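Summary of the model geometry
Take a look at the letters that make up each chain.
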Amino acid sequence: MKDFIEFIAKQLVDNPDMVSVEENSPDENTIELKLRVDKNDIGKVIGKKGKTISAMRILLTAVGAKGKHRVTLEVIE
């Protein structure tokens, strides 16, 4: 899932070298992803009215449901 989100984010931003994803698992059924992008690219990842980040979260929910995991995605400057 980490590579999946990193790939999508790199396609959206102007500075793909600054994209990184940190994965954390507080318990066996939860996966937390923290997406870091360049300050100037945050708007591109979030999208108008949050539609882009919302779509990414929906995709993660679908992928996580296959493995019975709860997945969260947070964007960090």
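Our subject in this report is the structure included herewith. (Residues numbered from 1 in each chain as written. Predicted model: local features only at pLDDT ≥ 70, side-chain atom pairs only at ≥ 80, totals over all residues. Heavy atoms only, no water.)

Focus on the overall build of the protein chain
Let me state the cut-off plainly: Working definition: helices are DSSP H or I runs of at least four residues, strands are E runs of at least two. Numbering for both runs from the N terminus. Only protein chains enter the area calculation, which uses a 1.4 Å probe; residues under 20% of their type maximum are buried, those over 50% are exposed, and those in between are partly exposed. Any two residues whose heavy atoms approach within 4.5 Å at even a single point are treated as in contact. Only the protein chains shown count as cover for residues, with accessible areas throughout obtained via the Shrake-Rupley method and a probe of 1.4 Å.
When you go through the protein chain residue by residue, the secondary structure sums to three helices and three strands. Going from the N terminus to the C terminus, the protein chain shows its helices and strands as α-β-β-α-α-β. Overall, the C-alpha framework of the protein chain stretches about 35 × 20 × 15 Å when taken along its three principal axes. Taken across its 77 residues, the protein chain has 30% of its residues classed as buried. The long-range share in the protein chain, meaning contacts at least 24 apart out of those at least 6 apart in sequence, stands at 51%. When the accessible surface of the protein chain is split by element, carbon and sulfur atoms take 49% of a total near 5200 Å².

Some remarks on unusual backbone geometry
When glycine is set aside, most residues are seen to have a negative phi, and most peptide bonds are trans. Despite not being glycine, K49 has its phi angle at roughly 55 degrees, a positive value. Here K49 lies in the loop between α2 (42-46) and α3 (51-66). The phi angle at K68 is positive, at roughly 55 degrees, despite the residue not being glycine. Locating K68 in the fold gives a position in the loop between α3 and β3 (70-76).

Things to note about the pairing of strand β2 (residues 30-36)
Counted only if it meets this: Two strands are counted as paired when DSSP detects at least two bridges linking them.
Here six bridges tie strand β1 (residues 20-27) to β2, and the two strands are oriented antiparallel to one another. Of the residues in β2, the one forming a bridge with E22 is K34. Pairing between β2 and β3: seven bridges, direction parallel. Across the sheet, R36 pairs through a bridge with I76, a residue of β3.

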